[in-house]
Amino acid sequence: MKKNLLTILLLFSCITFGLAQSRVITGKVTDQKDGSPLPGVSVTVKGAQGTGTQTGPNGTFSLTVSATAKVLVFKFLGFKEIEASISNKPLNVQLESDSKQLSEVVVVGYGTQSKRSLTGSVSQVKGADIANIPVPSLESAIQGRTPGVYIQAQNGKLGQGIQVRVRGASSVSAGSQPLYVVDGLPITVDDFSTNGASTNPLVDLNQNDIESIEILKDASAAAIYGSRASNGVVLVTTKKGKAGKTNISYNQYYGFSKPTHEREFMNAQQYVAYMREAAENGGVSSASIEARLKRYSAGNDDYKTYKVNTNWFDEIVQHAPVQNYNLVFSGGNDKTKFYMSGTYNNQKGYLLNNSINQYSFRTNIENQATSWLTVGANLSISRTRNNRLDNDNAFSTPMQIVALAPITPAIDPRTGLVSGALDPTTGEPNTNYPTYFNPILNAIDGYYKTTDYRNLGNVFAQVKLLPFLNFRSEVGVDILNSGEDTYTGSLTVRNTSTPNGTGFSSSVSSVNFNTNNFLQFTKDIDKSHIDAVGGMTYQRQQNDLNQLQGTQFPSDAYKKLTSSANIISGSSTTSAYSLLSYFSRVNYKYDERYLLSLSGRVDGSSRFGDNHRYGFFPAGSVGWVVSEESFMKKQQLVSELKLRASYGLTGNSEIGNFPARGLFSAFGYAGVAGARPTQLPNPDLKWETTAQADLGLDIGFFEGRLAGTFDVYQKKTRDLLLNVQVPGTSGYTTITQNLGKLQNRGFELQIDSKNLVGVVKWSTSVNLSINRNKITDLKGQVITGSGDAVNRAVEGQPLGVFFAPEFAGADPANGDALYYKNTDMGNGQRDRTKTNDYNQATPVKIGDPNPKYIAGLNNSVAFKGFDFSFLLQAVQGNNIYNGAGQYMSSSGSNGYDNQTIDQLNSWKKPGDITNVPQARLFGGNGISPSSRYIEDGSYVRLKNIIIGYNFPKEILTKIKLQSLRIYAQATNLATWTKYKGWDPELNSDAFSGNITQGYDFYAAPQAKTITFGINVGF
């Protein structure tokens, strides 16, 4: 008994002694810059291995240390290491950021990486840089802010499609847009428009909710997305809550828009004189032309005195207010963090009847359920109504109003109604007045509404299996319900040829399901750091489409199809595809200097043939952080220096869902149903494959005050997906095959400088990109662009080059339009003699829509609460083909369209030297496609300019606010260009495809928008 008692006393003494020899140290670690808590900071006892912890979500820590411990060491990536002496009081430590560490964290596929460890080519745009910019979608907001990304809006209509090219076009006929991934979910970007002009599904995303946008450009960064990564990958990360008190912010702006430019057309006096001259030269009698002018003058002689002088472009421009309201709640604690936002956006376009009205709500929540389980959800819902316009090739689109004669009054004095509404002699809609159909009638007696309801989000769970191993499972869905409702009434009969109105309704339900399941491994072993991820993903998208069209309504008071007397068409279709993938990536870092990354993805797609259902897309990259070498430590000039190299394969699967399959179509004959074959099968059809090599350099000087990133790359795409003609005797016309090659070579640079860092802060960022595109193999084919465009895909040439006869001006002797024959003489020379016979002129390359380089310059200055910044965007060396020139700039040779002012320089008499042929009404003098309508499309644009003021803390304390900022902002404020058209940033929305680029056909100019806003934090 005594022995047991002695043992217990001895054990108790040891425990008491041990407790006396240890103590618990608590504290909090914050960012010296703004006082925000820093989670994940390493806290260790100096000189004691194995004794340490990390700060929690709110920056706090608790660590048991021995009684002899004197100093704690705090380490965190991107911040300077600090030591703090242990005392009896809680340790509150502030860490100072370290510019030498390239500490920014960027999002990559299925994870994040520090810029210091990055070996791929990734560009980042921060959400703060694009918040509150009054543009319809995020692509416009990032325009000019990053190298290697060419962004071009189709026109100034709201909600229209936007072309994005990452390091050039990598396909001739397959999809050319990048893959968009929002919070790990690949989203739907299909165009469901039915009027020939594409819409932009990204309009449904609220850019104020965006934390960052990463653009994966090279194969090393993008190959983990495999078969969909050849056109680049855009990763969008939305904002999350942070531990701490609940923050409330309210953001609002209001402003207005107007067109960036107007073309100058002939006034009434010029038009009358010119048409008389053109009629005389074209052999049209004086009586005939006078009768026509009288008709266009509303049946009176006002045209003789030029009493009416209508600027028709002004008639389609409306007051265009812009307003946006955004309310955000965010915060949380150690367990749960949340972010909630609601946004209302209402924007009128400057074109008559064009507007967007949008509501959106987002909630992101994350909960630390246990020490080993984290769950969360990122969810958004939106409703977007777009009052749209017809495509550029329709008489009813507003921009075609410029064809009307300036002698025509906007209001017909005979009826008191809009010109063209009613014929005063019959009381019916007018069919021969004014010159053409008046698009204003569409705005009066018609509408075209597209309404999208979108639910986008995912839920996730992350399990900590081991200290260095996590398992994450994500399930996401993108549900888009889009409906189109159109009606054109009796006043539009001249355009529709339907006397009593026509209506159209369509509905699309697109469900895009995605699940990701993967392991994440992170381990430090001595000087080595290993970061690996591997797993699988499955995606299935199904689109269900219903359409119905009817005509003959009782009156314009009835606009829904239930009132239609004649249902003329109806259809219902379903289309779906699925993708099953396995992926992995390993990043290895040794001694903070030597970097290696290997990735691979296997994709299996339902879109391709049985013999090539699966494809493998590997990539690898290496990096050397030279600045960490011992021989670099003695110098002070270069603070950062990293070399990168990568190579890998990516794919393109953006084609229809069934091109590899033999298809049948149903039909009916004499009331009997049947089916017939309509497509040949191709079991060998597979992905387009792009092999990309990249060499990069990241360098910083003067402790990060000056930094630069440089990349050179080469992309070679093979197995192009093309429709190849087959003999007509087979009963088919084409079959989809893998045929052809193209390449892109380029150079990118970005230079960032902190010019001043004191009381006055001044920073500058410059980026420049050069890309050279060339088709290297089409097996002798020449593929034309869509519609009447003169773009071509030709071996040895860039994609989309313009091919047409070369215009040689007006014949000084008689005013005929002349062309160079350009016949191949067989010795490398071409016959440069001139001819007035258009058919004798050989089509040659007359221009290139691809720019030689694109650039951006962003400049920011801040001083005592005031801030000022501007963004310049430049596109240089590209050509634009004015497809509408054959009507509006045609020497009066193609009808009674009003002409651009430059046509006054037409040939008048023998000896005149001019590029404008003689005016000949209906003479066809120089109106055929040729280099006459090619122009330089280069431009420099003041894309964004903003000036703001942040109220000081002493004022905010008195009014009990966290922050208060007011600002004024302008978008597209000024444009410098030689292009004579409305806008050099365009591509007519009626002519789509990768080949048809830089084609202007009554494309509306971009909007110039000025807004005034306020940001309030509570």
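Scroll up to find the structure.
1. A look at the overall build of the protein chain
Assigned secondary structure in the protein chain consists of twelve helices and 54 strands. Its C-alpha atoms give the protein chain a radius of gyration of 33 Å, near enough to 31 Å, the size a compact globule of 1018 residues would have. Projecting the C-alpha coordinates of the protein chain onto the three principal axes gives extents of approximately 135 × 70 × 70 Å. Counting the 1018 residues in the protein chain, one finds 53% classified as buried. A separation of at least 24 residues holds for 69% of the contacts in the protein chain among residues at least 6 apart in sequence. Distance between charge centres in the protein chain, computed from 95 positive and 82 negative side chains, equals 7 Å.

2. Some details on the side chain of S490
Here S490 lies in the loop between β25 (469-488) and α10 (493-496). There is a polar contact of 3.0 Å between the side chain of S490 and the side chain of D556. Those residues in contact with S490 that sit more than four places away from it in its chain are P429, D445, P499, G501 and D556.

3. With respect to the pairing of strand β29 (residues 594-605)
Of the strand pairs in this sheet, strand β28 (residues 566-590) and β29 are connected by twelve bridges, and their pairing is antiparallel. Residue pairing across strands places F583 opposite R601, the latter belonging to β29. Linking β28 to β29, which pair antiparallel, is a turn of three residues; within it D591 sits at a positive phi near 55 degrees. Where β29 and strand β30 (residues 614-625) come together, eleven bridges link them in antiparallel fashion. From the neighbouring strand, L598 faces β30, where its bridge partner is G620.

4. Focus on unusual backbone geometry
The omega torsion of the bond from Y433 to P434 falls at 0 degrees, within 30 degrees of zero and hence cis. Relative to the helices and strands, P434 is located in the loop between β23 (417-418) and α9 (440-444). Phi at E703 is positive, roughly 55 degrees, even though this residue is not glycine. Relative to the helices and strands, E703 resides in the loop between β34 (688-701) and β35 (706-718).

5. Remarks on a positive patch on the surface
A cluster of basic residues, K33, R705, K754 and K761, forms a positive patch on the protein surface. Accessibility expressed as a relative area gives 31% for R705, which makes it partly exposed.

6. Side note on the sheet that holds strand β50 (residues 934-936)
An order of β50-β49-β53 is seen for the three strands of this open sheet, with the pairing classed as mixed. Edge strands, defined here as strands with exactly one partner in the open sheet, are β50 and β53 (999-1000). The sheet contact formed by strand β49 (residues 879-882) and β53 spans two bridges and is parallel. Opposite Y881, over in β53, you have Y999 as the bridge partner.

7. With respect to helix α6 (residues 286-296)
I289, E290, L293 and Y296 are the residues of α6 that are buried. Taken around the axis of α6, the buried residues stretch over an arc of 125 degrees, which confines them to a single face. Of the surrounding elements, those touching the buried residues of α6 are α5 (268-281) and α7 (302-305). At the exit of α6 stands A298, carrying a positive phi of roughly 65 degrees.

8. A look at the side chain of Q1006
For Q1006, the location among the structural elements is in the loop between β53 and β54 (1007-1017). With a relative accessible area of 8%, Q1006 lands in the buried category. Ignoring anything within four residues of it in the chain, the contact list for Q1006 reads A153, N155, G156, K258, P259, T260, Y350, R941, N972, D983 and E985.

Calculation criteria
- Residues numbered from 1 in each chain as written.
- Predicted model: local features only at pLDDT ≥ 70, side-chain atom pairs only at ≥ 80, totals over all residues.
- Heavy atoms only, no water.
- Helix = DSSP H or I, 4+ residues; strand = E, 2+ residues; numbered from the N terminus.
- Rg over C-alpha atoms; globule rule 2.2 N^0.38 Å.
- Buried < 20%, exposed > 50% of the residue type's maximum accessible area, 1.4 Å probe, protein only.
- Contact = heavy atoms within 4.5 Å.
- Lys, Arg positive; Asp, Glu negative; His and termini not counted.
- Charge placed at Lys NZ, Arg CZ, Asp CG, Glu CD.
- Polar contact = N/O pair within 3.5 Å; in protein donor to acceptor, adjacent residues only side chain to side chain.
- Pairing = 2+ DSSP bridges.
- Patch = residues over 30% accessible without salt bridge, like charges linked within 9 Å, V, L, I, M, F, W, Y side chains within 5 Å.
- Areas by Shrake-Rupley, 256 points an atom, 1.4 Å probe, with all protein chains shown as cover.
- Salt bridge = Lys/Arg side-chain N within 4 Å of Asp/Glu carboxyl O.
- Arc of directions from axis to C-beta.

This is a description of form; function is not addressed.
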